[in-house]
Amino acid sequence: MAPVRTSAAVGLVLVAAVTAGCSGSGSHSGSATSAAPAGAGNAGATPAPTESNPPGDIPDNQVYVAYRPAAGFTGFTVKVPEGWARTGQGATTVFTDKLNTVRVTTATASAAPTVGSVTNTIVPQLKAQLPKFAASNATEVTRHAGPVVRLTYQGDSAKDPVTGKVVRDAFERYAFYRQGHEVDLTLSGPVNADNVDPWRIVSDSFAWR
């Protein structure tokens, strides 16, 4: 009868070993599976920081089309990037795509804008309207349409309703004037975005009709 007891003992040892092996395998699998959700949970719990230099470069192969206003003052044309969303309110038309914007505003004016008038009148208005307005510089430059006052400055964008992020934007504002009519062309996008050439294309395309 002794051999029977020995076989039973061996059987118990084998069962214990198999059980331990299965238990160890299950623990390893659980750790690997929980790694990804843990990382995702941490990312969701930590708010994303405000972006000061998000991507915003306009592609080199961007196509531009002529914009001709159909109402209000219609005596000009300007090229804008094709495919951008267009919205309008009163004398202002805005074209947007992702983080970049082209804003066209018309107004009547008794005199041509100057570096002094832009500095003394427009800059205080922008300070009151644009969060963290800074780094303003008004100069007279030449575009195909002739001499124009350009104002460069920076400011924070409105908070994104989905992500809650605020982008630091760079602005170029061109004040064109002719025979009592002023057209303000404002180009904006993230600070440090490489949009020098696209903004030059747009501002150089402005023409009186």
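Values in this document were obtained by computation on a predicted structure and should not be read as measured data.

Novice: Would you explain the packing of aromatic side chains in this entry?
Specialist: Aromatic ring pairs: the centre-centre distance and the angle between the two ring planes describe each pair. One pass over the structure, following the stated rule, counts 10 aromatic pairs. Centre to centre, the rings of F73 and W208 are 6.4 Å apart; their planes meet at 55 degrees, and the pair counts as tilted. With a gap of 135 residues between them, F73 in the loop between β1 (64-67) and β2 (76-81) and W208 in strand β10 (residues 207-208) connect regions that are remote in the sequence. The class for F73 is partly exposed, based on a relative accessible area of 22%.

Novice: Got a minute to help me understand the environment of A71 in this structure?
Specialist: Tracing the backbone shows A71 in the loop between β1 and β2. Here A71 falls in the exposed class, since its relative accessible area comes to 59%. Taking the C-alpha atoms as reference, A71 lies 8.9 Å from A91; in sequence the two are 20 residues apart.

Novice: How should the sheet that holds strand β5 (residues 100-108) be read in this particular structure?
Specialist: Within a sheet, neighbouring strands are paired by backbone hydrogen bonds and run either parallel or antiparallel to one another. Here seven strands make up an open sheet; going across it, the order is β3-β4-β5-β9-β8-β7-β6 and the pairing antiparallel. Two strands bound the open sheet, and with one partner strand each, they are β3 (85-89) and β6 (134-143). Each neighbouring strand pair of the sheet contributes to a mean axis angle of 20 degrees, computed without reference to strand direction. Across eight bridges, the pairing between strand β7 (residues 146-156) and strand β8 (residues 168-178) is antiparallel. Along β8, the bridge assignment pairs Q154 with A170. Taken strand by strand, helix α2 (residues 115-129) contacts β6, β7 and β8, and its axis lies near 25 degrees from that of β7. The strands that helix α3 (residues 196-205) touches are β5, β6, β8 and β9 (181-190); relative to β9, the one it contacts most, it runs at about 170 degrees.

Novice: I would appreciate a short explanation of α2 in the present structure.
Specialist: Given 3.6 residues per turn, any residue in an α-helix points the same way as the ones three and four places further on. The end-to-end C-alpha separation of α2 is 20 Å, in line with the 21 Å expected for 15 residues at 1.5 Å each. The principal kink in α2, of about 30 degrees, is found at I122, preceding the proline P124 by one to four residues. Turning to α2, its buried residues are V118, I122, V123 and L126. As for α2, its buried residues are in contact with β6, β7 and β8.

Novice: Even after reading the chapter, I still don't get a negative patch on the surface, so can you show me in this structure?
Specialist: Taken together, D57, D60, D194 and D197 make up a surface patch of like negative charges. Counting through the fold element by element, D194 comes out in the loop between β9 and α3. On the basis of relative accessibility, which here comes to 54%, the residue D194 falls in the exposed class.

Novice: Quick question: what am I supposed to make of the pattern of salt bridges here?
Specialist: Opposite charge on two side chains permits them to pair, given that their charged atoms come into close proximity. Applying the stated criterion across every chain yields a total of five salt bridges. Between D156 and R168 there is a salt bridge, with the nearest N and O atoms lying 3.0 Å from each other. You can see D156 sitting in strand β7 and its partner R168 sitting in strand β8, a full 12 residues away along the chain. Across this residue pair, the class does not change: D156 and R168 are buried. Put simply, D204 and R200 hold a salt bridge, and the shortest N to O gap is 2.8 Å. Of the two residues, D204 and R200 both sit in helix α3, four residues apart, roughly one turn of that helix. Residues participating in the shared-partner salt-bridge network are K132, D156 and R168.

Quick notes on the rules
Residues numbered from 1 in each chain as written. Predicted model: local features only at pLDDT ≥ 70, side-chain atom pairs only at ≥ 80, totals over all residues. Heavy atoms only, no water. Phe/Tyr/Trp six-rings, centres within 6.5 Å; stacked < 30°, edge-to-face > 60°. Helix = DSSP H or I, 4+ residues; strand = E, 2+ residues; numbered from the N terminus. Buried < 20%, exposed > 50% of the residue type's maximum accessible area, 1.4 Å probe, protein only. Pairing = 2+ DSSP bridges. Axes fitted to C-alpha atoms, helices over the stretch in contact; angles between N-to-C directions. Contact = heavy atoms within 4.5 Å. Expected span 1.5 Å × (residues − 1). Bend = angle between axes of the 7 residues up to and from the residue. Patch = residues over 30% accessible without salt bridge, like charges linked within 9 Å, V, L, I, M, F, W, Y side chains within 5 Å. Areas by Shrake-Rupley, 256 points an atom, 1.4 Å probe, with all protein chains shown as cover. Salt bridge = Lys/Arg side-chain N within 4 Å of Asp/Glu carboxyl O. Lys, Arg positive; Asp, Glu negative; His and termini not counted. Charge placed at Lys NZ, Arg CZ, Asp CG, Glu CD.

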